[in-house]
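The chain contents come next:
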Amino acid sequence: MPSLRVTVWGENVHEQTDAAVRSVYPNGMHHAIAVGIREYLVGAAVETVTFQEPDHGLTEARLAQTDVLTWWGHRAHEQVADIVVDRVHRRVLEGMGLIVLHSGHFSKIFKRLMGTTCSLNWRVAGERERLWVCNPGHPIARGIDRCFELPHEEMYGEPFAVPAPEEHVFISWFEGGEVFRSGCCWRRGNGRIFYFRPGHETYPTYLDRNVRRVIANAVDWARPQGHWPDACVNIKEPIEPINRPEDRTKKR
Ligand code: ZN
């Protein structure tokens, strides 16, 4: 059995409709993301599925076999079936890790897990992004210098309408002046969630070695720490005998 089972979910819509995106990612963004994870997590089983497949590729069986799921979506957020979102949500609470990438901040699953709007400010101007490491000791920052740069990216700026992250790993600065909390961790139930900002579809961000390393580190960090099956059981037989009020009345 592989040490870690990873499913890379790709919306795969821009790649079908936009020649500029296809020229950067001829096999789809999901393919580039999967290659990057395999590069740094040798021994992990990394497979890709896309929105266009039945159940968007996220069947009960697939999710049962997934330790960590990565999510890139944009155009088709609202077309993702609620039943699939319910399924992913349940698996996160049980302990499956979830890595949400870039425009995935507006996906149904991320908004549900956060419980807020997850809105942010943005600008597409191909500007420089510098990502600063906030916590050099964090496993997701392993192998990353004190900062790294992407020459061309979409800008995401604060305010980012999410609950206060439990851990900050990266903060971004953009050429135009804005800043953004670009690498954030949360836990929901037994599941670990990491949001990582870069990855606009028209730039070769998922070919960048630092970005690949961060995503692989995040997948490794988000591996299940245990399993929490959700149940609400009526425990009729107590461990210790209980002196029930009705029994006390009878004795009198
Ligand atoms: Zn974008």
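Residues numbered from 1 in each chain as written. Predicted model: local features only at pLDDT ≥ 70, side-chain atom pairs only at ≥ 80, totals over all residues. Heavy atoms only, no water.

Asks: I keep staring at the pattern of salt bridges and nothing clicks. Help me out?
Replies: Charged atoms that come close allow side chains of opposite charge to pair. Counted by the stated rule, this structure contains 19 salt bridges. Between Arg212 and Glu39 there is a salt bridge, with its nearest N and O atoms 2.6 Å apart. Taken together, the residues span a long stretch of sequence, with Arg212 in helix H7 (residues 209–221) and Glu39 in helix H3 (residues 29–40) at a distance of 173 residues. Under the relative-accessibility criterion, Glu39 is labelled partly exposed at 44%. Among the salt bridges present, the one from Glu127 reaches Arg123, with a minimum N-O distance of 2.9 Å. The network of salt bridges with common partners includes Asp55, Glu60, Arg87 and Arg90. (Salt bridge = Lys/Arg side-chain N within 4 Å of Asp/Glu carboxyl O. Helix = DSSP H or I, 4+ residues; strand = E, 2+ residues; numbered from the N terminus. Buried < 20%, exposed > 50% of the residue type's maximum accessible area, 1.4 Å probe, protein only.)

Asks: Which parts of the structure should I look at to understand the coordination of the zinc ion?
Replies: Note on metal sites: the ideal angle is 109.5 degrees for four tetrahedral donors, and 90 or 180 degrees for six octahedral donors. Only His102 (NE2), Glu154 (OE) and His200 (ND1) from the protein reach the zinc ion as donors, at distances of 2.0 to 2.1 Å. When the donor residues of the zinc ion are listed from N- to C-terminus, their spacing reads H-x51-E-x45-H. Separated by 46 residues along the polypeptide, Glu154 in strand E6 (residues 147–157) and His200 in the loop between strand E9 (191–196) and H7 bring together distant segments of the chain. The burial state of Glu154 is the same as that of His200; both residues are buried. (Donors = N, O, S within 2.8 Å, 3.2 Å for Na, K, Ca; no water.)

Asks: What should I look at first to understand the state of the cysteines in this one?
Replies: Chemically, a disulfide is nothing more than a covalent bond linking the sulfur atoms of two cysteines. According to the stated counting rule, one finds zero disulfides in the structure shown. Between Cys118, a free cysteine, and Cys184, which holds the nearest cysteine sulfur, the sulfur-to-sulfur gap is 11 Å. Not part of a disulfide, Cys185 finds its nearest cysteine sulfur in Cys184, a span of 7.5 Å. Accessibility expressed as a relative area gives 1% for Cys185, which makes it buried. (Disulfide = S-S within 2.5 Å.)

Asks: How should the sheet that holds strand E8 (residues 179–188) be read in this particular structure?
Replies: The pairing of strands in a sheet comes from backbone hydrogen bonds and takes either a parallel or an antiparallel form. If you trace the nine strands from one edge of the open sheet to the other, you get E2-E1-E3-E4-E9-E8-E7-E5-E6, paired in mixed fashion. Whereas interior strands pair on both sides, the edge strands pair on one side only; in this sheet they are strand E2 (44–50) and E6. Between one strand and the next, the sheet's axes are offset by a mean angle of 25°, whatever the strand orientation. Sheet strands touched by H7: strand E1 (4–10), strand E3 (68–72), strand E4 (97–101), E6, strand E7 (167–174), E8 and E9. Its angle to E9, the strand with the most contacts, is close to 165°. (Pairing = 2+ DSSP bridges. Axes fitted to C-alpha atoms, helices over the stretch in contact; angles between N-to-C directions. Contact = heavy atoms within 4.5 Å.)

Asks: Help me out: how do you make sense of the pairing of strand E5 (residues 121–133) in this one?
Replies: In the case of a regular strand, side chains alternate between the two sheet surfaces. Pairing of E5 with E6 involves nine bridges; the strand directions are antiparallel. In the strand pairing of E6, Val124 is matched with Glu154. Pairing between E5 and E7: five bridges, direction antiparallel. Across the sheet, the residue bridging to Leu131 is Ser172, located in E7.

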